[in-house]
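Residues per chain, in single letters:
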Amino acid sequence: MPDLIRDIFLDMPVVDPPNRPEGMLAFMRSEVPHEYRPMVDEWVQSKGGQVIEEPLIKVHRGTSPDSGPSSDGFYALPPSALAADEPADDAGA
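Every value quoted in this text rests on a predicted model; they were computed, and no experiment measured them. (Residues numbered from 1 in each chain as written. Predicted model: local features only at pLDDT ≥ 70, side-chain atom pairs only at ≥ 80, totals over all residues. Heavy atoms only, no water.)

Engineer: Just checking my understanding: could you explain the side chain of Asp-41 for this structure?
Structural biologist: If you trace the backbone, Asp-41 turns up in helix α2 (residues 37–46). You can call Asp-41 buried: its relative accessible area is 14%. A polar contact is formed between the side chain of Asp-41 and the side chain of Arg-29, at a distance of 2.6 Å. Excluding anything up to four places from it in sequence, Asp-41 contacts Arg-29, Val-51 and Tyr-75. (Helix = DSSP H or I, 4+ residues; strand = E, 2+ residues; numbered from the N terminus. Buried < 20%, exposed > 50% of the residue type's maximum accessible area, 1.4 Å probe, protein only. Polar contact = N/O pair within 3.5 Å; in protein donor to acceptor, adjacent residues only side chain to side chain. Contact = heavy atoms within 4.5 Å.)

Engineer: Quick question: what am I supposed to make of the packing of aromatic side chains here?
Structural biologist: To describe a pair of aromatic rings, one takes the distance between the centres and the angle between the planes. By the definition in use, this model includes 3 aromatic pairs. Ring-pair connections join several aromatic residues into one group, and the members of that group are Phe-9, Phe-27, Trp-43 and Tyr-75. (Phe/Tyr/Trp six-rings, centres within 6.5 Å; stacked < 30°, edge-to-face > 60°.)

Engineer: Help me understand the sheet that holds strand β1 (residues 25–28) in this model?
Structural biologist: Either a parallel or an antiparallel arrangement is found when strands of a sheet pair, and the pairing is made through backbone hydrogen bonds. Taken together, the 3 strands give an open sheet; going across it, the order is β1-β3-β2, and neighbouring strands pair in antiparallel fashion. Edge positions in the sheet fall to β1 and β2 (50–52), since each of these pairs with one other strand and no more. Mean inter-strand twist for the sheet, computed between neighbouring axes without regard to direction, equals 25°. Pairing of β2 with strand β3 (residues 74–77), which is carried by 3 bridges, proceeds in the antiparallel orientation. Its bridge partner lying in β3, Ile-52 is registered against Phe-74. Along the sheet face, α2 touches β2 and β3 and points at about 25° away from the line of β3. (Pairing = 2+ DSSP bridges. Axes fitted to C-alpha atoms, helices over the stretch in contact; angles between N-to-C directions.)

Engineer: Sorry if this is basic, but what is going on with the pairing of β3 here?
Structural biologist: Where a strand is regular, its side chains alternate between the two sheet faces. Of the two faces of β3, the one carrying Phe-74 and Ala-76 and the one carrying Tyr-75 and Leu-77 are both buried. Two strands pair when backbone bridges link them, and β1 and β3 are joined in this way by 4 bridges, in the antiparallel orientation. Looking across to β3, one finds that Ala-26 is bridged to Ala-76.

Engineer: Even after reading the chapter, I still don't get the nonpolar core, so can you show me in this structure?
Structural biologist: In a soluble, globular protein the nonpolar side chains are often hidden away together inside. Counting residues in each nonpolar core, the largest one holds 12 residues, listed as Ile-5, Phe-9, Met-12, Phe-27, Val-32, Val-40, Trp-43, Val-44, Tyr-75, Leu-77, Ala-81 and Leu-82. Looking at this core, the element that brings in the most residues is α2, giving 3 residues. Those residues in contact with Val-40 that sit more than four places away from it in its chain are Ile-5, Phe-9, Val-32 and Tyr-75. Core analysis: the second largest hydrophobic core is formed by 5 residues, Met-24, Ala-26, Ile-52 and Phe-74 among them. (Core = buried A, V, L, I, M, F, W, Y, C linked by side-chain atoms within 4.5 Å.)

Below, the structure is given as structure tokens:
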């Protein structure tokens, strides 16, 4: 399954949100179906990435609401997370 998740990220468009961590690749979380998000979230975090959620409502003046719906946010992954795993060298050469 990890290879399948990696392949899905390779097919997704990279985005550039304003709060993307330096050196990370960002992908919209909305591209992943809801039923698979817990599994993908766990994989992203295991690879040193982050799940970053942003509020749907941004208040420019005044105070932000205490609670409310949040957007799907995005995944921030280090580029190394998308590198293919090295196959084990069983030949012993």
